[in-house]
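Topology and contacts: notes
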Amino acid sequence: MPSYIVLLGPPGAGKGTQAQVLSEKLGLVHISSGDIFRENLQAQTELGVRAQAFMNRGELVPDDLTIAMIRERLSRPDCQQGAILDGFPRTPAQADALSGILSQLGGKVDVVPYISVPAAVLIERLSGRWTCRAAGHVFHEKYNPPKVAGVCDFDGSELYQRDDDKAETVARRIQVYTDQTAPLIDYYQKRHLLAQIDGTQDIETVGQHLLDAVKQQR
Ligand code: ADP
Ligand code: ADP
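Residues numbered from 1 in each chain as written. Chains lettered and ligands numbered in written order. Predicted model: local features only at pLDDT ≥ 70, side-chain atom pairs only at ≥ 80, totals over all residues. Heavy atoms only, no water.

In this model, helix α4 (residues 63–74) (twelve residues) spans 16 Å end to end at C-alpha, consistent with the 16 Å of a helix rising 1.5 Å per residue. Residues L65, T66, I67, M69, I70, R73 and L74 constitute the buried set of α4. (Helix = DSSP H or I, 4+ residues; strand = E, 2+ residues; numbered from the N terminus. Expected span 1.5 Å × (residues − 1). Buried < 20%, exposed > 50% of the residue type's maximum accessible area, 1.4 Å probe, protein only.)

Buried together is how nonpolar side chains tend to be arranged in soluble globular proteins. If you look at the biggest cluster of nonpolar residues, it comprises 36 residues, and the most contacted ones within it are I31, L74, L98, V112 and Y188. Non-local contacts of V112, meaning those with residues more than four positions away in its chain, are made with V6, L8, Y188, L193, L194 and A195. Counting residues in each nonpolar core, the second largest holds 14 residues, with I5, A195, I197 and L210 among its members. (Core = buried A, V, L, I, M, F, W, Y, C linked by side-chain atoms within 4.5 Å. Contact = heavy atoms within 4.5 Å.)

Next up on the list: the sheet that holds strand β6 (residues 138–140). Across the sheet, three strands lie side by side as β6-β5-β7; this open sheet has antiparallel pairing. Among the strands making up the open sheet, the edge pair consists of β6 and β7 (159–160). Sheet topology places strand β5 (residues 129–132) next to β6; three bridges connect them, and they run antiparallel. Pairing of W130 across the sheet is with F139, part of β6. (Pairing = 2+ DSSP bridges.)

Our focus in this paragraph is the site of ligand 1. Residues in contact with ligand 1 amount to 19 residues; listed here are only the nearest, K15, T17, R129, F139 and Q201. In the model, an oxygen atom of ligand 1 is placed 3.0 Å from a nitrogen or oxygen of the G14 main chain. Contact distances for ligand 1 include 2.9 Å between an oxygen atom and a backbone N or O atom of G16. In isolation ligand 1 exposes 560 Å². Once the protein is present, 94% of that is buried. Secondary structure elements with two or more residues in the shell around ligand 1: α1 (15–26) and β6. Split into classes, the residues belonging to the shell around ligand 1 amount to seven nonpolar, eight polar and four charged. (Near = heavy atom within 4 Å. Polar contact = N/O pair within 3.5 Å; in protein donor to acceptor, adjacent residues only side chain to side chain. Areas by Shrake-Rupley, 256 points an atom, 1.4 Å probe, with all protein chains shown as cover. Nonpolar A, V, L, I, M, F, W, Y, C, P; charged D, E, K, R; others polar.)

The full set close to ligand 2 counts 19 residues, and S33, E59, R90, R129 and R173 are the nearest of them. Between G87 and ligand 2, the recorded distance is 2.9 Å, taken from a backbone N or O atom to a nitrogen atom. Here Q94 contributes a side-chain N or O atom positioned 3.0 Å from a nitrogen atom of ligand 2. In isolation ligand 2 offers 550 Å² of accessible surface; the protein chains occlude 97% of this area. Here the residues of the shell around ligand 2 sort into six nonpolar, five polar and eight charged.

Moving on to unusual backbone geometry. Excluding glycine, most residues fall at negative phi; most peptide bonds, likewise, are trans. At the junction of F88 and P89, the peptide bond is cis and its omega measures out at 0° in the coordinates. Looking at the secondary structure, you find P89 in the loop between β3 (82–86) and α5 (92–104). The phi torsion at Q44 lies on the positive side, around 55°, for a residue other than glycine. One can find Q44 in the loop between α2 (33–42) and α3 (46–57). A relative accessible area of 53% means that Q44 is categorised as exposed. At H192, a residue that is not glycine, the phi angle is positive and equals roughly 60°. Summarising the element assignment, H192 is placed in the loop between α8 (183–190) and β8 (194–198).

Moving on: the sheet that holds strand β1 (residues 3–7). Strand pairing in a sheet relies on backbone hydrogen bonds, with the paired strands running either antiparallel or parallel. Across the sheet, five strands lie side by side as β2-β3-β1-β4-β8; this open sheet has parallel pairing. Whereas interior strands pair on both sides, the edge strands pair on one side only; in this sheet they are β2 (29–32) and β8. Neighbouring strand axes in the sheet, compared pairwise and without regard to direction, differ in orientation by 20° on average. Bridge analysis of β1 against β3 gives five bridges, and the strand direction is parallel. Bridge assignment links Y4 to a residue of β3, and that residue is A83. (Axes fitted to C-alpha atoms, helices over the stretch in contact; angles between N-to-C directions.)

Spelled out as C-alpha cells, the structure:
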C-alpha cells in the first residue's frame, strides 16, 4: 500500500526543510505545492500566471486550480509508493479532495505531523530564509546557513529571498493560515491522524521527532 504523509504547519514552521530530509530517509517523493506554483510562474504557464496575483498578496490560490494541479502531480508514476505533501492541503475543501484522489489511487493519508511554531518565531525564520532557484532547497542565514553565502549546498544554484517573505506579506500569510488552514488541525485530529511536533527545537531534533511520529503511525 502506498504511504502518504501530510506535513501541516504555518508558513516558516520548517515543512520544506523537514520534507526534504524525510523524503530521503523514507524514499518517498517530496511534493511542495508552493514549489510547483513557483516553477509554473518561472515558466509562465497559464497556471503560474493565474496563481501569481494570489501568491504576491500572500493569499491562497483558489481551491479548484490547486486541487487540479495536485491531482495531476499525484497521478504520476513516481508517486506510486506514496508521497510527502508539503503545503497541501491548506483548506478543508482541499483535504476532502485529497482523500478522494488518494482513494482512487488505492491509498489514504497515513499520518499528519503538525509542526507547531509561534508567530514571533515564524517572522524571524521567514525574514532570514534563502531559497535555491533550481530546486527550492531552503537555508536560513542564521539557523541553517549555506557553506558559501548565496550558493545552494546541494546543486550550486543561486539563493534568493522570496518576494512573499517580505514583512507585510508574511503577516498576511500568517493571518491566512490562521483563518483557512489551522482548522485542519481539528479536521485531522478528529480522524486520529494528527501527530503534534514542537517545531521550535533545532532542525535535527525536530527531524528525529518527526521520524518517530511517522514510524509510530504508519
Ligand atoms: P515552511 O516550508 O514550513 O515554510 P521552511 O522549511 O522553508 O518552512 O523553513 C523556514 C525557514 O526557517 C528556513 O529559512 C529554514 O532554514 C528555517 N528553519 C527550518 N526549521 C528550523 C528550525 N527547527 N530551527 C531554526 N530554523 C529553522
Ligand atoms: P510557505 O511554506 O512559506 O507558506 P509555500 O511555498 O508553501 O509557502 O506557498 C507559497 C504560496 O503559494 C502561498 O502563499 C499560496 O499563495 C500558494 N500556495 C501554496 N500551496 C497552496 C495551497 N495548497 N492552496 C492554495 N495556495 C497555495
